[in-house]
Amino acid sequence: MILAQPATQIEPGSALNLMIILITATLTENMLLTRFLGMCPFLSISRQLKSAFGMGLAVVFVTTCTCFLNSLLYWHVLVPLEAYGVPAESLKLILFIVVIAAFVQFMEMAIERVSLGLYFSLGVFLPLITVNCAILGTSLFMINKSLAGLDALVYGFGAGLGWMIAIVLMAGIRQRLARARVPEALEGPGITLIVAGIMALAFIIFQGMIKL
Amino acid sequence: MLQVLIATGLVLAISAAFAAVLLVAERYLVNYGPCKIDINDGTRELDVRGGDNLLMTLKGSGIFVPSACGGRGTCAYCKVRILDGGGPVGPTEAPLLTPEEIESNVRISCQCKVRNDLRIEIPESLLSVREYRGKVERIRDLTHDIKELRIKLVEPEKIKFVSGQYVQLEAPAYRDNPAPVFRAYSISSPPHMDDTIELIIRLVPGGICTTWVFELLKEGDDVKLTGPFGEFHLTDADSEMIWIAGGSGMAPFWSMIRQMQHDGAARPCRYFFGAVRRRDVFFLDEMRQLEQELEWFKFLPALSGPEQGAAWDGEIGLITEVVGRHVQGDGEREGYLCGSPGMIDASIEVLKAKGVSDDRIYFDKFA
Amino acid sequence: MKQSPQEARIVERMQPGVLSRDGFLGSDRRSLGEIIDTDRSALEGLGVTQERLAARMAEALKAAEAAGGAPVKVGEHLLAEHREAMGRIPSPFPGEGVFRKGEVELTDERTGVKVLMTPLSIHMVAAHGFFQGRGSRYRTEPVLLCDVFDLGQPAK
């Protein structure tokens, strides 16, 4: 169990640093339960464990890669160009979205070509992911925290992993909820959001662990 | 100002770069190039372009696998065995196949994309199915909800089939229907009339094809159909035949009896025609005429719900009851059925009760 | 809320001209989930399960088919008439295969109310609680259907 003081500076690039980034992204700043990003697919796809798992894997994959690509784009293209008057802060939003959309399109084609089995299990979720705000959120937070290179890669992976954990947990709970007696007015999105709130409360226990 | 131009230029440049990458990717990743399809162990070989599903690809090469849902993956009629090159079974195929089918490489051809060379196996008879263009020569009403279509074949000019087979008629896109669909109808004309196809079509409420036939199709219109399909046909035996069919189910039998008349065949045959009311009976005069000419043929129509006061001196009752009453004693018999599944089930029951064995009862499983 | 890709495919198959001329949604503009949820609440209000209702409908259909098209009594005050149609229609829900065509018209002799149903419409009630969209030929309001079959007590 890692116990670090709030906002501890640990030598960048070290394994401990990466570990902290991973745990922060996955647990203490869970994209879904702490930041409440990516709620749409979370509410609609989490009915069944199997599709939730597939969607989660797809999100992990896309977040990791796009966070890394976006960090390259920002730190190595936009920021150097600031010298020529390019406002990196303003442009990052549009450009990140372009990167994410292009990446997802490309991946869908590549996966279908390379492995049909993989395409059948997670390829169908890829078009849904483009508009998942958790993906964009990950890239934006990465900029906020000034993470680059390997740090950004691990952060992206952790964020996606945290989202996947949350949706799989939710699917498990919803499958049990199917047999519970839920008041009529709360069925569907109502009870799901209540459960999400309770899960978020539970995830607060991670808050005190680490601050990044 | 310069800043604005530079920033805009940068966004455009990056977006264009990504668009270019995607276009290149599509060119190489999605393009499956030429593929070879080997059918039935070398019986036929096709050179096709990959990328489309197998059903459409075969159709493009003149091989017509039956389909009721137009390639949407719901009817499971387009099953084909892919021996080699089919890839994993997709999530849209799996629910439509039994484990035994999956084991023996049976696939839903409209859900399989052609990505590489394939070796497939299809029923031999499908290889002689062709696409025909024809002109509607005559449409006439047989009853208040049944029409007879006579189609003169244009290209190819002749069709070779056996009585009992069916064709798939194409209903084009029209006001209620966005895309062409195919519906199966038994051929009611005899095979010796090989330049014409007759169909007996009953109006189905809300039916895509029958609405078009009844409301829009006119004499002189062009139509497209594929065929012949089906394994329903008379056997070579000599035993007595019991035919049971009502409504548009008369179609295959109307073809059979006229062909037998043409061939000079003489096989004892009783045709039980079930209807509800007097107005549902058609071809009565024609059948009586045939009975006169062919002493081995008997036509027995029966009404199950005749209106009071309707002039009717024929049988009354459920067709299966009527069959039960008339078929007596021992004797080798064969049963031929055409109609809705409910009527077929009931008819099989009564025939079996009369000693006709299961393997001597024939019906078109497509209906 | 976004539709899952599976639901979007189902709704696409329910459109007019895809599997049948008029489709399964009639002129209803509500989402598939909303149609099903609203009808489910109506059934719950009457204390009737979709399986029970569908079973009664299937019984009536079977009796009507056996009568070969002639009108037949399927209940104290219920008349059924089967109109056959050849061919099969696929279910818009994936993996369910095809269902026999042919409709049954029920007439409630007390009220004169007429109900139309098919093997597919009955199956969709049983398996999905889907009564089809308003305006569809084979939709009957669950409350009316229960009344015709003498099922359930109206709430309050």
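Visitor: I'd like to hear about the overall build of chain A, residue by residue, with values.
Guide: Check the secondary structure of chain A and you find nine helices and zero strands. The secondary structure elements of chain A, listed N-terminal to C-terminal, are α-α-α-α-α-α-α-α-α. Its C-alpha atoms give chain A a radius of gyration of 18 Å, within 12% of the compact-globule value 17 Å for 212 residues. Projected onto its principal axes, the C-alpha positions of chain A cover 60 × 45 × 30 Å. Long-range contacts, defined as pairs at least 24 residues apart, comprise 78% of the intrachain contacts of chain A with a sequence gap of at least 6.

Visitor: Go over the overall build of chain B, please, and point to the residues and values.
Guide: Looking only at helices and strands, chain B has eight helices and 17 strands in total. Radius of gyration (C-alpha) of chain B: 26 Å, far over the 21 Å computed for a compact globule of 367 residues. Its C-alpha atoms give chain B principal-axis dimensions of roughly 100 × 45 × 35 Å. Looking at chain B as a whole, 40% of its 367 residues are labelled buried. Partitioning the contacts of chain B with sequence separation of at least 6, the portion at a separation of at least 24 is 69%.

Visitor: Could you give an account of the sheet that holds strand E1 (residues 72-75) of chain C, with specific residues and numbers?
Guide: All names here are of chain C. Taken in spatial order, the four strands of this open sheet run E1-E2-E5-E6, and their pairing is antiparallel. Looking at the sheet topology across the chains shown, the edges are occupied by E1 and strand E6 (114-117). On average, each strand axis in the sheet is inclined to that of its neighbour by 30°, with strand direction left out of account. As paired strands, E1 and strand E2 (residues 78-83) are joined by three bridges and run antiparallel to one another.

Visitor: Hey, could you go over the domain arrangement of chain B for me, with residue numbers and the actual values?
Guide: Residues and elements named next belong to chain B. Here chain B is partitioned into domain 1 (34-126), domain 2 (129-229) and domain 3 (240-363). A separation of 24 Å is found between the C-alpha centroids of domain 2 and domain 3. Taken together, the 18 residues of domain 2 in the interface contact 15 residues of domain 3. Broken down by secondary-structure element, the contributors of at least two residues to the side of domain 2 that touches domain 3 are strand E6 (130-143), strand E9 (181-186) and strand E10 (196-202). Residues that form the side of domain 2 that touches domain 3 fall into these classes: nine nonpolar, eight polar and one charged.

Visitor: Help me get a handle on the pairing of strand E1 (residues 34-39) of chain B, residues and values and all.
Guide: All names here are of chain B. Here six bridges tie E1 to strand E2 (residues 44-49), and the two strands are oriented antiparallel to one another. Bridge pairing in E2 places isoleucine 39 opposite arginine 44. In this structure, E1 lies alongside strand E5 (residues 118-121), joined through three bridges in parallel fashion. The residue bridging aspartate 38 from the neighbouring strand is arginine 119, located in E5.

Visitor: Could you give an account of the packing of helix H3 (residues 49-81) of chain A against helix H4 (residues 88-114) of chain A, naming the residues involved and the relevant values?
Guide: All names here are of chain A. As a packed pair, H3 and H4 sit with axes 10 Å apart at the nearest point and diverge in direction by 140°. Between H3 and H4, the interaxial angle falls into the category oblique. Crossing of H3 over H4 shows right-handed handedness. Within the contact between the two elements, H3 uses Val62, Cys65, Thr66, Leu69, Asn70, Leu73, Tyr74, Leu78 and Val79 and H4 uses Ala88, Leu91, Lys92, Leu95, Phe96, Val99, Ile100, Phe103 and Val104.

Visitor: Describe the interface of chain C and chain B, listing the residues and the values that go with them.
Guide: Every contact between the two is made by 29 residues of chain C and, on the other side, 37 residues of chain B. Sorting the residues of the side of chain C that touches chain B by element identifies helix H3 (50-66), strand E3 (88-90) and strand E4 (98-100) of chain C as the ones contributing at least two each. Its residues assigned to classes, the side of chain C that touches chain B shows 10 nonpolar, nine polar and 10 charged.

Visitor: Give me the sheet that holds E9 of chain B: which residues, what numbers.
Guide: Residues and elements named next belong to chain B. With antiparallel pairing, the six strands of this open sheet are ordered in space as E9-E8-E11-E6-E7-E10. Among the strands making up the open sheet, the edge pair consists of E9 and E10. Sheet twist, expressed as the average angle between the axes of neighbouring strands with direction ignored, equals 40°. Across six bridges, strand E8 (residues 166-171) lies against E9 in antiparallel orientation. Directly across from glutamine 168, in E9, lies its bridge partner alanine 184. Contacts from helix H4 (residues 208-215) reach strand E7 (146-155), E8, E9 and E10 within the one sheet, and its direction differs from that of E8 by about 75°. The sheet strands contacting helix H5 (residues 250-263) are E9 and E10, and the helix crosses E10 at an angle near 150°.

Visitor: With reference to specific residues and values, describe unusual backbone geometry.
Guide: Residues and elements named next belong to chain B. With an omega of -10°, the peptide bond running from glutamate 155 to proline 156 counts as cis. Tracing the sequence through the fold places proline 156 in the loop between E7 and E8. Of the consecutive residues glycine 227 and proline 228, the connecting peptide bond is found in the cis state with omega at -5°. Residue position: proline 228 is located in strand E11 (residues 222-229). Here the phi dihedral of asparagine 40 falls at roughly 50°; this positive angle occurs in a residue that is not glycine. In this structure asparagine 40 comes out as partly exposed when scored by C-beta crowding, with 16 C-beta atoms within 10 Å. Its identity is not glycine, yet alanine 76 carries a phi of approximately 60°, on the positive side. Its place among the elements puts alanine 76 in the loop between helix H2 (54-60) and strand E3 (79-84).

Visitor: Tell me about the pairing of strand E16 (residues 333-338) of chain B, residues and numbers included.
Guide: All names here are of chain B. Most of E16 is tucked away, with six of its six residues classed as buried. Burial along E16 is two-sided: the residues Arg333, Gly335 and Leu337 and Glu334, Tyr336 and Cys338 are all buried. In terms of strand pairing, strand E12 (residues 240-245) meets E16 through six bridges, oriented parallel. For tryptophan 243, the partnering residue across the bridge sits in E16 and is tyrosine 336. Handedness of the β-α-β unit built from E16, helix H8 (residues 341-353) and strand E17 (residues 361-363) comes out right-handed.

Visitor: Before we move on, can you summarise the nonpolar core with the specific residues and values?
Guide: Counting residues in hydrophobic clusters, the biggest one holds 70 residues, and the most contacted among them are Leu169, Leu199, Trp243, Phe253 and Phe272 of chain B. For this core, the element with the highest residue contribution is H5 of chain B, accounting for seven residues. Built from parts of two domains, this core gets at least three residues from each of domain 2 (129-229) and domain 3 (240-363) of chain B. Formed by 64 residues, the second largest nonpolar core is a distinct cluster that contains Ala25, Met107, Ala134 and Trp163 of chain A.

Visitor: Which residues make up the packing of H4 of chain A against helix H1 (residues 2-30) of chain B, and what values do they have?
Guide: Running from N to C, H4 of chain A and H1 of chain B point in directions that differ by 5°, and their axes come no closer than 10 Å. In this view, H4 of chain A runs roughly parallel relative to H1 of chain B, as classed from their interaxial angle. In this structure, H4 of chain A contributes Leu91, Ile94, Leu95, Val98, Ala102, Gln105, Phe106, Met109, Ala110 and Arg113 of chain A to the contact, and H1 of chain B contributes Ala7, Leu10, Val11, Ile14, Ser15, Phe18, Val21, Leu22, Ala25, Glu26, Leu29 and Val30 of chain B. Classifying every residue of the contact of H4 of chain A with H1 of chain B gives 18 nonpolar, two polar and two charged.

How each quantity is defined
- Residues numbered from 1 in each chain as written.
- Chains lettered and ligands numbered in written order.
- Predicted model: local features only at pLDDT ≥ 70, side-chain atom pairs only at ≥ 80, totals over all residues.
- Helix = DSSP H or I, 4+ residues; strand = E, 2+ residues; numbered from the N terminus.
- Rg over C-alpha atoms; globule rule 2.2 N^0.38 Å.
- Contact = placed C-beta atoms within 7 Å.
- Buried ≥ 20, exposed ≤ 12 C-beta atoms within 10 Å, placed from the backbone.
- Pairing = 2+ DSSP bridges.
- Axes fitted to C-alpha atoms, helices over the stretch in contact; angles between N-to-C directions.
- Domains from an automatic or database assignment.
- Nonpolar A, V, L, I, M, F, W, Y, C, P; charged D, E, K, R; others polar.
- Parallel < 35°, antiparallel > 145°, perpendicular 65-115°, else oblique.
- Left-handed = near helix turned anticlockwise from the far one by under 90°.
- Right-handed = clockwise from strand over helix to strand, strands pointing away.
- Core = buried A, V, L, I, M, F, W, Y, C linked by C-beta atoms within 7 Å.

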